[in-house]
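One-letter residues, chain by chain:
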Amino acid sequence: MRILAINDISCVGKCSLTVALPIISACGVTCDILPTAILSTHTGGFTGYTFRDLSEDIPAIIRHWKSLGLRYDIIISGYLGSIAQIDMVKTVRRELLKENGLMIVDPVMGDNGKLYVHFDDAFVEQMKGLCREADMIVPNLTEACSLTNTPYAENGDYPALLRKLRALCPRPSVTGCDETENGKTVCAVYYTDDAGSVKKYATEKVEGAFHGAGDVYASALVGALARGVHTDEAVRLAADFTTDSIRQTKADGTEARYGLNSESQMLNFLQALDRAANKK
Ligand code: PXL
């Protein structure tokens, strides 16, 4: 199994490639990387960060990989620094994804009801185009609302949101849907299977905003799918790992902008993944 993760390198702050590479590799599959930019930190919660756009290098990287005959079973794209990079990801998919490969798009654009700095409505429009070329998309609630022109609302009608997303991509998975179940607040992932039925997996809600949670979720999901685990089980494993990592971060008292302390939860996740992969 050969996976390609397209994302930025935020040197500090545990998100994008510094999360994708260790998690996907630890799942026991090859993870190559295509960095879109190098930043001293990510853009959420820090000021004064450096940002070097790597767009200029990408066409030559693709040409070199083609000369090596490289082809990917799964490609996952994340943070893209410009509309031009959205087009580059489309080229990578066309030229480097195997015929029956899986294209997964994490449409990284915002959180907590707001777009991140550097993103605007024009970018959202182009991101819709990339989602149309994906087999699976993994937006958080904010991104799902932007992609469907739905006003952002916690406690919204999530199954309806999923059905709207299906107009863009057959298999959406939306994270960060807060709900009340039996008087307790839970955090749910909504997703659809190949037949289009809307499914839900809920974990205990940990209060607070935690940076990089979407990257941990997407990476664990890709790793589990790469090991051949069914989507239902892959969603459960990825959601549990993310929640455990959030709980650990809160227990450690780490500042949210420094990302999730998922390292100490990794072994648990990998053991659960092994059990799921071996029983399928
Ligand atoms: O975790 C999402 C993300 C990835 N990459 C960069 C970011 C963010 C969110 O702020 O700024 C550079």
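Now for a look at the structure at hand. (Residues numbered from 1 in each chain as written. Predicted model: local features only at pLDDT ≥ 70, side-chain atom pairs only at ≥ 80, totals over all residues. Heavy atoms only, no water.)

1. Some points on the pairing of strand β11 (residues 198-204)
Sheet topology note: the strand β10 (residues 184-192)/β11 ladder contains 7 bridges and is antiparallel. What sits directly across from Y191, in β11, is K199. Where β10 hands over to β11, the hairpin turn is made up of 5 residues, of which G196 adopts a positive phi near 90°. (Pairing = 2+ DSSP bridges. Helix = DSSP H or I, 4+ residues; strand = E, 2+ residues; numbered from the N terminus.)

2. With respect to the site of the ligand
In the neighbourhood of the ligand, 13 residues make up the surrounding shell, with D8, T43, Y79, H211 and D215 lying closest. One of the side-chain nitrogen or oxygen atoms of T43 is found 2.6 Å away from an oxygen atom of the ligand. Contact between the ligand and H211: an oxygen atom at 3.2 Å from a side-chain N or O atom of the residue. Notes on the ligand: free accessible area 320 Å², of which the protein chains cover 98%. Here the residues of the shell around the ligand are counted per class, giving 5 nonpolar, 6 polar and 2 charged. (Near = heavy atom within 4 Å. Polar contact = N/O pair within 3.5 Å; in protein donor to acceptor, adjacent residues only side chain to side chain. Areas by Shrake-Rupley, 256 points an atom, 1.4 Å probe, with all protein chains shown as cover. Nonpolar A, V, L, I, M, F, W, Y, C, P; charged D, E, K, R; others polar.)

3. Considerations on the nonpolar core
Nonpolar side chains in soluble globular proteins tend to be buried together. The biggest cluster of nonpolar side chains holds 46 residues, and the ones touching the most others in it are I104, L221 and F269. If you list the elements that add at least two residues to this core, you get β1 (2-12), α1 (16-26), β4 (72-77), β5 (97-105), β10, α7 (213-226), α8 (231-252) and α9 (266-279). For this core, the leading source of residues is α7, giving 10 residues. Residues within four places of L221 in sequence aside, it is in contact with M136, V138, A234, V235 and A238. In terms of nonpolar packing, the next biggest core, distinct from the first, is built from 43 residues, L80, V89, M103 and C169 among them. (Core = buried A, V, L, I, M, F, W, Y, C linked by side-chain atoms within 4.5 Å. Buried < 20%, exposed > 50% of the residue type's maximum accessible area, 1.4 Å probe, protein only. Contact = heavy atoms within 4.5 Å.)

4. Things to note about the sheet that holds strand β8 (residues 136-137)
The strand order β3-β2-β1-β4-β5-β8-β9-β10-β11 describes an open sheet built from 9 strands, whose pairing is mixed. The two strands at the open ends of the sheet, each matched to only one other strand, are β3 (51-53) and β11. Here 3 bridges tie strand β2 (residues 30-41) to β3, and the two strands are oriented antiparallel to one another. Residue pairing in the sheet places I38 in a bridge with R52 of β3.

5. So, unusual backbone geometry
Positive phi outside glycine occurs at S16, with the angle close to 40°. Along the chain, the position of S16 falls in helix α1. Here N149, not a glycine, exhibits a phi torsion of approximately 55°, which is positive. Here N149 shows up in the loop between α5 (141-147) and α6 (158-165). Overall, N149 belongs to the exposed group, its relative accessible area being 59%.

6. Notes on the packing of aromatic side chains
Summed over the entire model, instances satisfying the criterion amount to 6 aromatic pairs. Considering the side-chain rings of Y158 and Y190, the 5.5 Å spacing of their centres and the 40° angle between planes classify their relative orientation as tilted. Of this pair, Y158 sits in helix α6 while Y190 sits in strand β10, placing them 32 residues apart in sequence. (Phe/Tyr/Trp six-rings, centres within 6.5 Å; stacked < 30°, edge-to-face > 60°.)

7. Section: the packing of α8 against α9
To characterise two packed helices, one gives the angle between the axes of the helices and the distance between these axes. Taken N-terminus to C-terminus, the directions of α8 and α9 make an angle of 170°; their axes are 10 Å apart at the nearest point. Here α8 is positioned roughly antiparallel relative to α9, judged by the angle of their axes. On α9, the residues that touch E233, L237 and F241 of α8 are M266, F269, A272, L273, A276 and K279. Across the contact of α8 with α9, the residue classes break down as 7 nonpolar, no polar and 2 charged. (Axes fitted to C-alpha atoms, helices over the stretch in contact; angles between N-to-C directions. Parallel < 35°, antiparallel > 145°, perpendicular 65-115°, else oblique.)

8. Some words on the state of the cysteines
On inspection of all chains with the given rule, the structure shows 0 disulfides. Left unpaired, C11 is separated from the closest cysteine sulfur, that of C15, by 10 Å. The exposure class of C11 is partly exposed, given its relative accessible area of 48%. Here C31 is not cross-linked by a disulfide; its sulfur's nearest cysteine counterpart is in C27, at 9.7 Å. The exposure class of C31 is buried, given its relative accessible area of 11%. (Disulfide = S-S within 2.5 Å.)

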